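# Survey of secondary and tertiary structure
Each chain, written out:
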Amino acid sequence: MCAYNLRRSEAACVQNLGGGAGVLRRSHARGAAASWYIACDCTDGLFDGSGKAGTKLSETGFFDEMGADAAPREVYARLARWLQDTPPEVLASRRAQAELLFRRIGITFAVYGDKDAAERLIPFDIIPRLFARSEWSRLEQGLFQRVKALNMFLTDVYGKQEILAAGIVPRDLVLRNPGYRPEMAGFRAPHDVWVHIAGIDVIRVDDQDFYVLEDNARTPSGVSYMLENREAMLRLFPDLFMDHRVAPVDDYPDRLLTSLRSVAPHSAPSEPTVAVLTPGQYNSAYYEHSFLADKLGVELVEGSDLFVHDNIVFMRTTTGPKRVDVIYRRIDDEFLDPLAFKPDSVLGVPGLLAAYQAGNVTLANAVGTGVSDDKAIYTYMPEIIRFYTGEEPILKNVPTWRCREDEALAYVLDHLPELVVKEVNGSGGYGMLVGPHASKNAIAEFRAKLKHDPSNFIAQPTLSLSTCPVSVESGVAPRHVDLRPFVLSGANGMVSLTPGGLTRVAMKEGSLVVNSSQGGGTKDTWVIDDA
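Residues numbered from 1 in each chain as written. Predicted model: local features only at pLDDT ≥ 70, side-chain atom pairs only at ≥ 80, totals over all residues. Heavy atoms only, no water.

Moving on, we come to the sheet that holds strand β8 (residues 274-277). Paired through backbone hydrogen bonds, the strands of a sheet run either parallel or antiparallel to each other. Ordered in space as β9-β8-β13-β14, the four strands form an open sheet in which the pairing is parallel. Bordering the open sheet on either side are β9 (299-301) and β14 (362-364), each of which pairs with just one other strand. Going across the sheet, the axis of each strand differs from the next one's by a mean of 30°, ignoring polarity. Against the sheet, helix α9 (residues 286-296) touches β8, β9 and β13 (326-329), its axis set at about 150° to β9. (Pairing = 2+ DSSP bridges. Helix = DSSP H or I, 4+ residues; strand = E, 2+ residues; numbered from the N terminus. Axes fitted to C-alpha atoms, helices over the stretch in contact; angles between N-to-C directions. Contact = heavy atoms within 4.5 Å.)

Set out below in structure tokens:
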């Protein structure tokens, strides 16, 4: 165990886990439950080194969500029986069908800088991840609390800055943050909603607790895969759905459209015009942009399709200009308006910020939300929640060292091979070091980066991400997972969460990196009504 001062006033203990992976193979036993895990080569535990009473730890030392012994967890009981009774060749056939289906639909993403694979399929696993309704309800409450605090934080830091005056969050960490937009100072977001669509990355380490890994408050992606994964599963495994009471996810587009229309300017008509703004077909998430516009029943537009006249945004159509009231933008702040941000941007709309600040159009998410999902700000989220809501956080933060603090930096430099180090503004699995799996050269490189610019990094213990069964060529094997639920916020306190979300899977054996850009895949996420 290692003790360290996380906030100088709080001590925390973390036990790091080692590498290694177990192998999960389908048992050929019929009828009675069988033992799933038969080989492993690591034994380290959870944050507290043991797990709580009743936690289903596999022999690998990770919490296995299906259950690591002869008795699967109750929510997985039917699925476990189905896996026992399904021949391996059937699973292999369904994997092939799933890949063919996704290729036909054209669900791809681009990897920037990868000249050998401009467009890829995200690997899809055919075994669903299951949550009981009762445990999902706990997660939902925590997510609502967190997103409410994020919106209140943004209203404050661009307004009265009471949290800065109180010394809860360092003033320089906010005002000098690359995600903070001085242009928005004094601006009040329509209906006080800044983060209309939040993607909160969540992990489990036992059967009781959820930890937030990071908050995505700018332009979170992945919801199209949540919807397409469900559609594929309905086609491939109708028998499984007959055997489970699975909450639907197909109402997400209706929820999103209702939420977006609710935050339209007061001058908008009773049925506001919504558009999805995309950087274009060369963006890595273009498929999702076009998919969402189609599902919402709204226009997919690029910057050149819009213009601003008298601080009102119009869309060019075959029948003439049409006013746009709400823009679900999938373009980063700095490219939105060449008159306000990057003058050489050809992706945005000249005058868009002025129209926004005049109250004639709503941008979702709002300009300037990046300051709230900065990884250094993340470390203050428990205090932010307490400050604005007066409540204790329902969801836990992962213990984190702020490398901008001398004591934390000294500890991180001494323990680099044990830790995960991330850039505070990094994303997609880039710009990070996973110490236990890093080479000596990579560790030395990060040591130099930390010494040169410590404020650009945070560090965390290597996480005991839970595992779920995954269908692979050799059978069924455990792989590490996380979850990105999508929380929608609208006017008058409207908040909703589709019961599902995007489960991301570290498809490589032993890997803890779930990002698609780093070889990760996805699987369908089922919320099951409790028996």
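This part covers the pattern of salt bridges. As a working rule, side chains carrying opposite charge can pair if their charged atoms are close by. The final tally for this structure, using the stated rule, is 29 salt bridges. Salt-bridge contacts for Glu135 lead to Arg73; the nearest nitrogen and oxygen are separated by 3.3 Å. Note that Glu135 is positioned in helix α3 (residues 133-157) and Arg73 in the loop between β4 (37-39) and α1 (77-85), a separation of 62 residues in sequence. Accessibility classification places Glu135 together with Arg73 in one group, the buried group. When the shortest N-O distance is used, the salt bridge between Asp333 and Arg181 registers 3.6 Å. With Asp333 in the loop between β13 and α10 (352-357) and Arg181 in the loop between α5 (171-175) and β6 (197-204), this pair connects stretches of sequence that are 152 residues apart. (Salt bridge = Lys/Arg side-chain N within 4 Å of Asp/Glu carboxyl O. Buried < 20%, exposed > 50% of the residue type's maximum accessible area, 1.4 Å probe, protein only.)

As a further point, take the pairing of strand β10 (residues 306-309). Pairing between β10 and strand β11 (residues 312-315): four bridges, direction antiparallel. From the neighbouring strand, His309 faces β11, where its bridge partner is Ile312. What sits between β10 and β11 in their antiparallel hairpin is a turn of two residues, with Asp310 showing a positive phi close to 55°.

What follows covers the nonpolar core. The biggest cluster of nonpolar side chains holds 74 residues, and the ones touching the most others in it are Phe153, Val174, Trp194, Leu306, Ile327, Tyr356 and Ile384. Considering every element that reaches this core, the biggest residue donor is α3, with nine residues. When near neighbours in sequence (up to four residues on either side) are disregarded, Val174 contacts Phe153, Val157, Leu164, Val169, Tyr180, Val371 and Ile377. Counting 61 residues, the second-largest nonpolar core is a separate cluster that includes Met226, Leu256, Ala268 and Leu292. (Core = buried A, V, L, I, M, F, W, Y, C linked by side-chain atoms within 4.5 Å.)

A few words on the sheet that holds strand β12 (residues 322-323). Strand order in the open sheet formed by three strands is β10-β11-β12, with antiparallel pairing between adjacent strands. Since the sheet does not close on itself, it has two edges, and those belong to β10 and β12, each with one partner.

All right, on to the environment of Ala285 then. Take Ala285: it is sitting in the loop between β8 and α9. Distance in space between the C-alpha atoms of Ala285 and Ser221 is 7.4 Å, their sequence separation being 64 residues.

On to the packing of aromatic side chains, then. Think of a pair of aromatic rings as described by two things: how far the centres are apart, and how the planes are tilted against each other in angle. For the structure shown, the criterion picks out 15 aromatic pairs. Between Tyr158 and Trp194 the ring centres are 4.9 Å apart and the planes differ by 10°, which places this aromatic pair in the stacked class. Taken as a pair, Tyr158 in the loop between α3 and α4 (162-165) and Trp194 in the loop between α5 and β6 lie far apart in primary sequence, 36 residues in all. Judged by its relative accessible area of 1%, Tyr158 falls in the buried class. (Phe/Tyr/Trp six-rings, centres within 6.5 Å; stacked < 30°, edge-to-face > 60°.)

Next up on the list: the packing of α3 against helix α12 (residues 381-389). Contact pair α3 / α12: the axes reach a minimum separation of 9 Å and the direction vectors enclose 80°. In this view, α3 runs roughly perpendicular relative to α12, as classed from their interaxial angle. In contact with Gln145, Arg146, Ala149, Leu150, Met152, Phe153 and Asp156 of α3, α12 contributes Met381, Ile384, Ile385, Phe387 and Tyr388. Class assignment for the residues of the contact of α3 with α12 results in nine nonpolar, one polar and two charged. (Parallel < 35°, antiparallel > 145°, perpendicular 65-115°, else oblique. Nonpolar A, V, L, I, M, F, W, Y, C, P; charged D, E, K, R; others polar.)

Among the five residues in strand β19 (residues 457-461), five count as buried, and that is most of the element. Side chains Phe457, Ala459 and Pro461 of β19 all project onto a buried face; the interleaved residues Ile458 and Gln460 project onto the opposite face, where all are buried too. Pairing of strand β16 (residues 401-402) with β19 involves two bridges; the strand directions are antiparallel. The partner of Arg402 across the bridge, within β19, is Ile458. Pairing of strand β17 (residues 419-423) with β19, which is carried by five bridges, proceeds in the antiparallel orientation. Within β19, the residue paired with Lys422 across the bridge is Ile458.

Further remarks concern the packing of helix α2 (residues 88-105) against helix α6 (residues 223-236). The N-to-C vectors of α2 and α6 enclose an angle of 130°; their axes lie 11 Å apart at closest approach. As the angle between them shows, α2 and α6 are arranged oblique. Between α2 and α6 lies a crossing of right-handed hand. Facing α2, whose interface residues are Arg94, Gln97, Ala98, Leu101, Phe102 and Ile105, α6 presents Glu228, Asn229, Ala232, Arg235 and Leu236. (Left-handed = near helix turned anticlockwise from the far one by under 90°.)

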